[in-house]
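# Secondary and tertiary structure notes
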Amino acid sequence: MKNVRVRFAPSPTGFLHIGGLRTALFNYLFAKKHGGTFILRIEDTDAARYVPESLANIIEALQWYGLIWDEGPDPLDPFEKSIGDAGPYIQSKRKKIYQTHVSELLERSAAYPCFCTTERLDSLRKKQASEKQTPRYDGLCRALNPSEVKSRLVSGTSHTIRLRVPTEGSLTFRDMIRGEVTFECATIDDQVLLKSDGFPTYHLANVVDDHLMNISHVIRAEEWLPSTPKHILLYKALEWTPPFFAHLPMILGSDRTKLSKRHGAEPALEYRQRGFLPQAVINYIALLGWNPGGDREFFTLNQLTNGFSIEKVNKAPSIFDIQKMRWTNASYLRTMEPNRLAPFARKFVTDKEISDEKLANLLVSIRDRIETLEEIGEWGSYFFQKDIAYDPALLIPAPGTKETALVALIFVSEVLEKMNDEDFTEPVLRDLFVNRIKSSGKKNGEILWPLRVAISGKKASPDVFAMMAVLGREVITQRVATALILAQGLKKA
RNA sequence: GCCGCCAUCGUCUAGAGGCCUAGGACUCCACGCUUUCAAUGUGGCAACACGGGUUCGAAUCCCGUUGGCGGUACCA
């Protein structure tokens, strides 16, 4: 394939979501696979729905996920500067370009001015709907005679420009994922190309820009499939060659409808806050609707690129499963060096001066227990907080009573008394305690359960000896003493 | 309603006419390891939507039905 140029073209009407991220990803993969160019274009032709923060969000999200564009707005100054020669890449800055092409369409009679008011259009639709007809433009202005058009234009009557769609015949095109798709022209509406405010609609701006930016392949979500014939008609009217099209299957929520907040689909960047690794999210969503064919589950962005092929993209929609994404994330976490995890753990550290080394030691035992970075806080709470609070009844081991707990804590205190700071390493502690417990004829659980609770305040925690080594002799002695007092206060079982 | 797309375990998927008594992964369950919870190991439950063709042979090809999704704006 020569000269592959693809674009991701979000509109800044909201934050980037998972669906958009997946579209961006597949465009990126396709471009990189074929040594092509990945372009970011901002489609802000609807002033009414414009959300100012969304541009920054889209840019930041794409960057965080590592989908860096070769051409598009300059991240540092997206409105004023751009990377690449085909810009500007923000459609609101291209208003004049669209208008010149509209003139061309008008001259060729491929489009016509429409003076119908919103009110008339609304009541027309309502009437059609009540008569069980397909709501569509009835072509009133299509038949206006030229002199009438001219006089209305001269008088400055508010109007739009519509595409003159053939009334007969059909239109067939090839989709790279779905094969041949056919639409009857009679079912295609006379689409508005230019709004009365002078802004182009998506359809016009999209076609003009794709042509001018030399886009070779349009890869977008399936929701655009029904408007593709309109776009092809536009290419024809402008005497341009249409690009190749590929319509990606949708990503749905757990109730099989379009993904929304209700399904846990936050803005794509929200997953950063939620403790996900960008490469894990990318890995997971790449496998939604695409598979290189095989059993493999893990791919880096490079490996995805090398294995990518648009023909292997599935046709059926898929459901976003946060559970599997968490599992993917957990798998990535487990391969990480503990000291690389340390920066993420820092935010949980409050009132203590803790060395990176100590933090890394702690993370060794936490790493295998978490699915997201966010959970580090939970699992390390005994470490990050100076004082821990818990229900004293927790100190009693499973088969056992208040006395069992007391005996265990006294046992532990006695062992601790004879220890030095230097003894507080994981192997030494383990060795010592396990041997002592063995020679006293007790079971591990009898002693180590109360000890675990004394240290962590939780029934589920990292390894006891790992916690002891990290916290040090002083803190451990203190917590065991506190636990002893708490245990004594317990009612008799 | 009309138009279009789609259809393998609950979910993500492998499957390009015989390799399929349908494979892998998530979830769930059981067991092993073990000081808890995890991680990990072993095993288990679980699917070709339905009906017709085509063919010696169909999850795979064709048609229909049903179901799901998307579109039907001076939104993208």
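Residues numbered from 1 in each chain as written. Chains lettered and ligands numbered in written order. Predicted model: local features only at pLDDT ≥ 70, side-chain atom pairs only at ≥ 80, totals over all residues. Heavy atoms only, no water.

Another point: the nonpolar core. Leu359, Phe433 and Met468 are the most contacted members of the largest nonpolar core, which totals 54 residues. Among the domains, domain 2 (263–372) and domain 3 (386–488) are the pair contributing at least three residues each to this core. For Met468, the residues in contact, after removing those within four places along its chain, are Leu416, Phe424, Leu429, Phe433, Leu451, Ile455 and Ile476. Listed in part, the 49 residues of the second largest apolar core include Ala24, Leu67, Met176 and Ile282. (Core = buried A, V, L, I, M, F, W, Y, C linked by side-chain atoms within 4.5 Å. Buried < 20%, exposed > 50% of the residue type's maximum accessible area, 1.4 Å probe, protein only. Domains from an automatic or database assignment. Contact = heavy atoms within 4.5 Å.)

Right, let's get into the sheet that holds strand β5 (residues 111–114). Spatial strand order, β5-β6-β9: three strands in an open sheet with antiparallel pairing. With partners counted over all chains shown, the strands left at the sheet margins are β5 and β9 (192–194), one partner each. Each strand of the sheet is rotated relative to its neighbour by a mean of 45 degrees, with strand direction disregarded. Judged from the four bridges that link them, β5 and strand β6 (residues 160–163) form a sheet pairing that is antiparallel. Directly across from Tyr112, in β6, lies its bridge partner Arg162. (Pairing = 2+ DSSP bridges. Helix = DSSP H or I, 4+ residues; strand = E, 2+ residues; numbered from the N terminus. Axes fitted to C-alpha atoms, helices over the stretch in contact; angles between N-to-C directions.)

What follows deals with the packing of helix α18 (residues 444–456) against helix α20 (residues 473–488). Interhelical geometry of α18 versus α20 gives an angle of 110 degrees and a closest axis separation of 8 Å. Compared by their axis directions, α18 and α20 come out roughly perpendicular. Listed contacts from α20 to Leu451, Ala454 and Ile455 of α18 are Ile476, Arg479, Val480 and Ala483. For the contact of α18 with α20, the residue count by class is six nonpolar, no polar and one charged. (Parallel < 35°, antiparallel > 145°, perpendicular 65-115°, else oblique. Nonpolar A, V, L, I, M, F, W, Y, C, P; charged D, E, K, R; others polar.)

Under the local residue numbering, the UniProt record ascribes the feature "short sequence motif: 'HIGH' region" (unreviewed entry) to residues 10–20. End C-alpha to end C-alpha, residues 10–20 measures 7 Å, and it is 27% helix and 0% strand. (UniProt positions renumbered as here; feature names shortened; annotations may be inferred.)

On to the protein's contact with RNA strand B, then. Contacts to RNA strand B come from 68 residues, most closely from Arg256, Gly289, Arg369, Arg452 and Asp463. In the model, a sugar or linking oxygen of RNA strand B is placed 2.9 Å from a nitrogen or oxygen of the Asp46 side chain. Here a phosphate oxygen of RNA strand B and a side-chain polar atom of Arg334 are 3.5 Å apart. Listed by contribution, the elements that provide at least two residues to the surface near RNA strand B are α4 (118–130), β6, β8 (179–184), β13 (318–319), α11 (322–334), α18 and α19 (464–471). The leading source of residues in the surface near RNA strand B is α18, at five residues. Per-class residue counts for the surface near RNA strand B are 24 nonpolar, 19 polar and 25 charged. (Near = heavy atom within 4 Å. Polar contact = N/O pair within 3.5 Å; in protein donor to acceptor, adjacent residues only side chain to side chain.)

Before going further, it helps to spend a moment on unusual backbone geometry. With a phi angle near 65 degrees, Ser109 is a residue other than glycine that sits in the positive phi range. With respect to the secondary-structure elements, Ser109 resides in the loop between α3 (95–107) and β5. Overall, the relative accessible area of 41% leaves Ser109 in the partly exposed class. A positive phi angle, close to 60 degrees, is found at Asn214, a residue other than glycine. With respect to the secondary-structure elements, Asn214 resides in the loop between α6 (202–212) and β10 (217–221). Taking relative accessible area as the criterion, Asn214 reaches 54% and is therefore assigned exposed.

Looking now at the pairing of strand β2 (residues 37–40). Residues Thr37 and Ile39 of β2 are buried on one face, and the alternating residues Phe38 and Leu40, pointing to the opposite face, are buried as well. With four bridges connecting them, strand β1 (residues 5–8) and β2 associate as parallel partners. Across the sheet, the residue bridging to Val6 is Phe38, located in β2. Read as a crossover between parallel neighbours, the route from β1 over helix α1 (residues 18–33) to β2 is right-handed. (Right-handed = clockwise from strand over helix to strand, strands pointing away.)

Bringing the packing of aromatic side chains into the picture now. Applying the stated criterion across every chain, the model contains 15 aromatic pairs. Ring centres of Phe173 and Phe245 lie 6.3 Å apart, and the angle between their planes is 65 degrees; this geometry places the pair in the edge-to-face category. One end of the pair, Phe173, is in strand β7 (residues 170–175); the other, Phe245, is in strand β11 (residues 244–248), and 72 residues separate them in sequence. A relative accessible area of 4% places Phe245 in the buried class. Members of the aromatic cluster, each reached through a chain of ring pairs, are Tyr271, Phe276, Tyr284 and Phe320. One Lys or Arg, Arg22, reaches over the ring of Phe26 and ends 4.9 Å from the middle of that ring. One cation-aromatic arrangement involves Arg272 over Trp64; the distance from NZ or CZ to the ring centre is 5.8 Å. (Phe/Tyr/Trp six-rings, centres within 6.5 Å; stacked < 30°, edge-to-face > 60°. Lys NZ or Arg CZ within 6 Å of the ring centre and 35° of its normal.)

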